[in-house]
Amino acid sequence: MALLTIQDLTLGYDNRILAEHVSFSVHEGDYLCIVGENGSGKSTLMRTMLGLQPPMAGQILFGEGLKSSHIGYLPQQTPVQRDFPASVREIVLSGCQGRCGLRPFYTAEEKALARRNMERMGVLPLQDRCYRELSGGQQQRVLLARALCATGKILLLDEPVSGLDPQATAEMYAVLKSLHREGVTLIMISHDIAAALPYATHILHMGARAFFGTREEYLDSAVGRRFTQREVEL
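What counts and what doesn't
- Residues numbered from 1 in each chain as written.
- Predicted model: local features only at pLDDT ≥ 70, side-chain atom pairs only at ≥ 80, totals over all residues.
- Heavy atoms only, no water.
- Helix = DSSP H or I, 4+ residues; strand = E, 2+ residues; numbered from the N terminus.
- Rg over C-alpha atoms; globule rule 2.2 N^0.38 Å.
- Buried < 20%, exposed > 50% of the residue type's maximum accessible area, 1.4 Å probe, protein only.
- Contact = heavy atoms within 4.5 Å.
- Lys, Arg positive; Asp, Glu negative; His and termini not counted.
- Charge placed at Lys NZ, Arg CZ, Asp CG, Glu CD.
- Expected span 1.5 Å × (residues − 1).
- pLDDT = per-residue confidence, 0-100.
- Salt bridge = Lys/Arg side-chain N within 4 Å of Asp/Glu carboxyl O.
- Pairing = 2+ DSSP bridges.
- Axes fitted to C-alpha atoms, helices over the stretch in contact; angles between N-to-C directions.
- Core = buried A, V, L, I, M, F, W, Y, C linked by side-chain atoms within 4.5 Å.

Participant: Which residues make up the overall build of the protein, and what values do they have?
Facilitator: Along its length, the protein carries ten helices and nine strands. The C-alpha atoms of the protein give 18 Å as radius of gyration, which agrees with the globular expectation for 234 residues (17 Å, within 12%). Here the C-alpha coordinates of the protein stretch approximately 50 × 40 × 35 Å along the principal axes. The buried share of the protein, reckoned over its 234 residues, is 48%. Taking as baseline every contact in the protein between residues at least 6 positions apart, the subset at least 24 positions apart corresponds to 65%. Each charge class in the protein can be summarised by its mean position, and for the 24 positive and 25 negative side chains these summaries are 4 Å apart.

Participant: I'd like a description of helix H6 (residues 136-150), backed by residues and values.
Facilitator: Relative to the 21 Å expected for 15 residues at 1.5 Å per residue, H6 spans 22 Å between its end C-alpha atoms, a close match to the ideal helical length. Taken together, the buried positions of H6 are Gly 137, Gln 139, Gln 140, Val 142, Leu 143, Leu 144, Ala 145, Ala 147, Leu 148 and Cys 149.

Participant: Please set out the confidence of the model for the protein residue by residue, giving values where relevant.
Facilitator: On average, residues of the protein carry a pLDDT of 88, and 94% of them reach 70 or more. No element of the protein has a lower mean pLDDT than helix H4 (residues 97-100), at 70, and none a higher one than strand E9 (residues 211-214), at 96.

Participant: Lay out the pattern of salt bridges in plain terms, naming residues and giving numbers.
Facilitator: One pass over the full model with this rule turns up four salt bridges. Ionic pairing is found between Glu 133 and Arg 129, a salt bridge with its closest N-O pair at 3.6 Å. Between Glu 216 and Arg 215 there is a salt bridge, with the nearest N and O atoms lying 3.5 Å from each other. Relative accessible area serves as the criterion here: at 45%, Glu 216 is assigned to the partly exposed category. Residue class for Arg 215 comes out partly exposed when judged on its relative accessible area of 24%.

Participant: Which residues make up the sheet that holds strand E4 (residues 57-62), and what values do they have?
Facilitator: Each strand in a sheet pairs with its neighbour through backbone hydrogen bonds, running either in the same direction (parallel) or in the opposite one (antiparallel). Here three strands make up an open sheet; going across it, the order is E2-E1-E4 and the pairing antiparallel. Strands at the two margins of the open sheet, each flanked by one partner only, are strand E2 (16-26) and E4. Between one strand axis and the next, the sheet turns through 25° on average, direction left out of account. Bridge count for strand E1 (residues 4-13) against E4 is five bridges, and the pairing is antiparallel. The partner of Leu 4 across the bridge, within E4, is Phe 62. Each of E1, E2 and E4 touches helix H1 (residues 42-49); the most contacted strand, E1, lies at about 120° to it.

Participant: Talk me through the nonpolar core; I want residue IDs and the actual numbers.
Facilitator: Taken as a class, soluble globular proteins show a tendency for nonpolar side chains to be buried jointly. Counting 48 residues, the largest nonpolar core has Leu 144, Leu 155, Leu 176, Leu 179 and Tyr 218 as its most contacted members. Broken down by element, this core gets its largest block of residues, seven residues, from H6. Dropping the residues within four chain positions of it, Leu 144 is found in contact with Leu 74, Met 121, Leu 155, Leu 157, Met 172, Val 175, Leu 176 and Leu 179. Residues Leu 11, Phe 24, Ile 154 and Met 206 belong to the second largest nonpolar core, which totals 24 residues.

Participant: Hey, could you go over the side chain of Thr 185 for me, with residue numbers and the actual values?
Facilitator: In this structure, Thr 185 sits in strand E7 (residues 185-189). With sequence-adjacent residues up to four places away left out, Thr 185 is seen in contact with Leu 3, Val 26, His 27, Glu 28, Gly 29, Asp 30, Lys 153, Ile 154 and Leu 155.

Encoded structure:
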């Protein structure tokens, strides 16, 4: 059974439609890359999958006991968020809030989970540092550790390499590849299709008519050939 099934979704806001008839499914172990023009509804789709805004039509079905609150999320950072005055440990621990319910404290198990994920992302030596003092690549690793505290099953990432220098970008893609090999299902919005394609198992291309298929099917499609060729020319 699919972890996530999107059925004939219409996306938009304030009565403005961004995309229609969007349908696809995500299974355990998939690495889905969402691409498309600016304004095609990529981020709106991700917010809808997270339950942050309702679809205008269609439905989202969760499988295997999965709920929107169980999905780890790495959003695009704003300048204000990059300047957040908290320690690395505090930020990673905050990923456990969904497990706390009404409990106003973290358990020893949750603290151990945060420590494991900091170690997993290579930021454990930074746990006492202030988040805003870190480099962009280090901050993204911290946020990934936080997202993994919410769930180790499925992660949604909105432009995770945006604003990173080439070395930090390569390191982030390597981290994501490692997580995927460990069995984490990834859904990633990316404007850099040439860099994302080597890692993706499936592609969702948002546009006037959404395309969904395997990486190989996308590369053989008219929209895939056109879009990838344009990226090369740019």
